[in-house]
Amino acid sequence: MTILKHLFSPIQIGRMTAKNRLLMSAMSINFGVDENGYVTDQLTGYLAARARGGTGMILVGGGGVHPTGLELPGLPALWDDGCIPALKKMVEAVKPFDTCFGVQLMHGGRQSYHDRKVAPSPIPAPAVVKGIPKELTVEEIAELVASFGDATRRCRDAGFDFVEVHGAHGYLINQFLSPNSNYREDQYGGSFENRTRFFLELLADIKAKAGADFPVGLRINGEDYIDGGWTLNDALRLAPILEKNGADYLHVSAGVYGSKQLTIPSMYVEHGCFVHLAEAVKQVVTIPVVGVGRIKSPELADRILKEGRADVVAMGRALIADPMLPEKARAGNLKCGSRVFDGRR
Ligand SMILES: Cc1cc2nc3c(=O)[nH]c(=O)nc-3n(C[C@H](O)[C@H](O)[C@H](O)COP(=O)(O)O)c2cc1C
């Protein structure tokens, strides 16, 4: 018995059709790769369990497009063709569950846990990670632009349905976008056009190498929630430009390392805490928009969709806690999901 008809209605995203509107958001879980960064059966098992549970779209978290951009040591490496056979095996294990399966592409920039950090400007991250990043040269920027297209081509060759580019959470792309982390005086810094150039160049590279119709979602911040950072007004200005340049969906999140509102919000923050940002972005584009932030229950997910605040709902931790959450909800068991004490947390 399906009562959450909004959540369990299909959606078209570019050439891809997802059977429902639930996306398991990308999460860097720091296990399930070998010494080369190639994915293993452990990560496959973890993701296949979520696919079996009925999630319509699933992202492999935090795949590194370039060795300088690996955020944590235990994340998938996507920077050489050697990664393809293991990714293929993973796709084959997940495919039978009729899930749209994608990879999130990221470069950590100054928010990486190693000593070869690079960034638009030599400004350390405001919190969590220590060390001054090396300022990227224009040649190095070109190499990184190309690394996004190459990684997408590898994911496509492995059989994935889509990729999501991580332009949020204070990582490299977000560092280019935000005035407080980009002091460059060349064509990649200063004006809005210059700060968004890196993002648009890598999107064009992806389209050129993976094909114009290979679905590409973009995760952006609706707010950095930090002094001098990216704001909702910036996001509203950028979103239609991203659509025009071939984005197939926008996933609107928030926060950077050290921000006032945490990207991974605590249990004291209200449910659906970043959905108002997705709702605002939805007013300025026609492509699907994904909302996120402490969406714990299928009922809330369905309500967000019903009220037209987002087209897709992303869940992170709720799907770690209960991989079977979607199937249980579809069967009418709305007691599923993680509930602490009185059901409100
Ligand atoms: C362990 C963990 C790792 C995460 N790693 C990523 C990541 O690699 N990329 C990303 O965009 N977001 C990452 N996030 C953020 C989630 O995708 C999500 O936006 C956030 O957890 C809020 O959603 P939730 O309240 O449903 O968990 C991570 C979150 C967690 C809990």
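Residues numbered from 1 in each chain as written. Predicted model: local features only at pLDDT ≥ 70, side-chain atom pairs only at ≥ 80, totals over all residues. Heavy atoms only, no water.

Judged by nonpolar contacts, the single largest core of 104 residues is most densely connected at F160, F198 and F199. It is helix 3 (residues 138–158) that contributes the most residues to this core, 7 residues altogether. The residues contacting F198, other than those within four sequence positions of it, are I141, L144, V145, F148, L172, I173, F176 and Y188. (Core = buried A, V, L, I, M, F, W, Y, C linked by side-chain atoms within 4.5 Å. Buried < 20%, exposed > 50% of the residue type's maximum accessible area, 1.4 Å probe, protein only. Helix = DSSP H or I, 4+ residues; strand = E, 2+ residues; numbered from the N terminus. Contact = heavy atoms within 4.5 Å.)

Here we come to the pattern of salt bridges. Summed over the entire model, instances satisfying the criterion amount to 18 salt bridges. As a salt-bridge pair, K95 and D161 come within 3.4 Å of each other at their nearest N and O atoms. Placement of the pair is K95 in the loop between helix 2 (84–94) and strand 5 (100–106) and D161 in the loop between helix 3 and strand 8 (162–167), with a sequence separation of 66 residues. Residues K209 and D205 are paired through a salt bridge, measuring 2.9 Å at the closest nitrogen-oxygen approach. A residue pair is termed a helical-turn pair when its members lie 3 or 4 positions apart in one helix, as K209 and D205 do in helix 6 (residues 197–210) at 4 residues. Among the residues examined, D205 registers a relative accessible area of 15% and is labelled buried. (Salt bridge = Lys/Arg side-chain N within 4 Å of Asp/Glu carboxyl O.)

What follows concerns the site of the ligand. Neighbouring residues of the ligand: 18 residues in total, closest S28, Q104, R219, R294 and R317. Measuring from an oxygen atom of the ligand, one finds a backbone N or O atom of A26 at 2.8 Å. Side-chain polar atom of S28 to an oxygen atom of the ligand: 2.5 Å apart, as the coordinates give it. When the ligand sits alone it has 610 Å² of accessible area, and the protein chains cover 89% of it. Residue composition of the shell around the ligand, by class: 6 nonpolar, 9 polar and 3 charged. (Near = heavy atom within 4 Å. Polar contact = N/O pair within 3.5 Å; in protein donor to acceptor, adjacent residues only side chain to side chain. Areas by Shrake-Rupley, 256 points an atom, 1.4 Å probe, with all protein chains shown as cover. Nonpolar A, V, L, I, M, F, W, Y, C, P; charged D, E, K, R; others polar.)

Let us look at the side chain of R50. With respect to the helices, strands and loops of the structure, R50 is situated in helix 1 (residues 41–52). Buried charge without a salt bridge: R50, with D322 as the nearest opposite-charge side chain at an N-O distance of 7.7 Å. Leaving out residues up to four positions away in the same chain, R50 has contacts with M24, T55, I58, L319, I320 and P323. (Lys, Arg positive; Asp, Glu negative; His and termini not counted.)

On to the side chain of N221. Turning to its location among the elements, N221 is positioned in strand 9 (residues 216–223). A relative accessible area of 1% places N221 in the buried class. Here the side chain of N221 touches N174 through a polar contact of 3.0 Å, side chain to side chain. The contacts of N221, once residues within four sequence positions are left out, are G167, A168, H169, G170, N174, W230, A235, S253, A254, G255 and V256.

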